Amino acid sequence: MSDAKDDKADAPKKKGGKKKWILIGVGALILAGGGVGGGLYATGMIGGSGDAHEEKKKDVPHLVPKSEQKYAGAGEGGEGGGEGGASASAEGGEGGTDANASSYYTFDKEFTSNLLDSVHFIQVGIAVSTPYDEKVITNLKTHEIAVRSAILMALTETDEEQVFTPAGKQQLQKRLAKAINDTLKEKEGFGGVGNVYFTNFVVQ
């Protein structure tokens, strides 16, 4: 008699145990499905984020092959080659290779600054080149105020030794290229300036 009662008491427990495992299984499937869906969304296969990813890729400047080199007269819309002064590659390697084209941008106004611990001051005209597409020059124009400020800050940290020797001028060019690229990276997430040129260089 007591055995029959025990069997009846165990029956509801077994049913409850099955329900518990079914709920756990369904929950696991929902979590797995959510994980797969999230992964597909992140990779752009669903939800339209693929278009956003493509747009982002389009915004990043691309290297321009030499075969696609565009030539323009100096001063045309602020673009053109530097007239005089050697070029110096940017520290950190923002310049392309010999297989890449070069686009130029010349700052309209010259830069004037006192030299570090000196009674002299420097006045320079500056142009830059990039092996990347027009996006870099567009960024330079968009953020020209911030870039000019960075250039002036770099010039105020320049001493007489750097402005009176060729080696010093090359060091200054590298520092200016780095200052410009750092500013563009801060504003746009990408530098792209490979070389800095002096179009005018006066110390008084």
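Residues numbered from 1 in each chain as written. Predicted model: local features only at pLDDT ≥ 70, side-chain atom pairs only at ≥ 80, totals over all residues. Heavy atoms only, no water.

Novice: Is there a simple way to explain helix 6 (residues 166–188) in this structure?
Specialist: Residues spaced three or four apart along an α-helix face the same direction, because each turn holds 3.6 residues. Along its 23 residues, helix 6 runs 33 Å from first to last C-alpha, staying within 8% of the 33 Å computed at 1.5 Å per residue. Among all positions in helix 6, only Gly 168, Leu 172, Gln 173, Leu 176, Ala 177, Ala 179, Ile 180, Asn 181, Thr 183 and Leu 184 are buried. Of the residues one or two after helix 6, Gly 189 is the one with positive phi, at around 80 degrees. (Helix = DSSP H or I, 4+ residues; strand = E, 2+ residues; numbered from the N terminus. Expected span 1.5 Å × (residues − 1). Buried < 20%, exposed > 50% of the residue type's maximum accessible area, 1.4 Å probe, protein only.)

Novice: What is the right way to read the nonpolar core from this model?
Specialist: As a rule of thumb, soluble globular proteins bury nonpolar side chains together. Ranked by internal contacts, the top residues of the largest apolar core, which has 28 residues, are Phe 107, Ile 126, Val 128, Leu 140, Ile 151, Leu 176 and Ile 180. For this core, the secondary-structure elements that each account for two or more residues are strand 4 (121–130), helix 3 (134–142), helix 4 (144–156), helix 6 and strand 5 (195–203). (Core = buried A, V, L, I, M, F, W, Y, C linked by side-chain atoms within 4.5 Å.)

Novice: For this particular structure, what's the right way to read the pattern of salt bridges?
Specialist: Opposite charge on two side chains allows them to pair when their charged atoms are near. If you walk through the whole model with that rule in mind, you get two salt bridges. The partner of Glu 157 in a salt bridge is Arg 175, with the nearest N and O atoms 3.9 Å apart. Linking Glu 157 in the loop between helix 4 and helix 5 (160–163) with Arg 175 in helix 6, this pair joins segments that are 18 residues apart in sequence. Accessibility expressed as a relative area gives 23% for Arg 175, which makes it partly exposed. Residue Asp 182 pairs with Lys 178 through a salt bridge whose shortest N-O separation is 2.8 Å. Highlighted residues: Asp 182 and Lys 178, both in helix 6, separated by four residues, approximately one helical turn. (Salt bridge = Lys/Arg side-chain N within 4 Å of Asp/Glu carboxyl O.)

Novice: Is there a simple way to explain helix 3 in this structure?
Specialist: Turning to helix 3, its buried residues are Val 136, Ile 137, Asn 139 and Leu 140. Projected onto a plane normal to the axis of helix 3, the buried residues spread over an arc of 155 degrees and lie on a single side. Of the exposed residues in helix 3, those oriented more than 90 degrees away from the buried face are Glu 134 and Thr 142. In this structure, the buried residues of helix 3 make contact with strand 2 (103–106), strand 4, helix 4 and helix 6. (Arc of directions from axis to C-beta. Contact = heavy atoms within 4.5 Å.)

Novice: What should I look at first to understand the packing of aromatic side chains in this one?
Specialist: Geometry of an aromatic ring pair is reported as the spacing of the ring centres plus the angle between the planes. In the structure shown here, the tally under the stated rule is five aromatic pairs. With a centroid separation of 5.6 Å and 80 degrees between ring planes, the pair formed by Phe 107 and Phe 111 is classed as edge-to-face. Under the relative-accessibility criterion, Phe 107 is labelled buried at 3%. The rings of Tyr 105, Phe 107 and Phe 111 are connected pair by pair, giving a single aromatic cluster. Directly above the aromatic system of Phe 111 lies the positively charged group of Arg 148, at a separation of 4.1 Å from the ring centroid. Sitting above the plane of the Phe 201 ring, Lys 169 keeps its charged end 4.6 Å from the centroid. (Phe/Tyr/Trp six-rings, centres within 6.5 Å; stacked < 30°, edge-to-face > 60°. Lys NZ or Arg CZ within 6 Å of the ring centre and 35° of its normal.)

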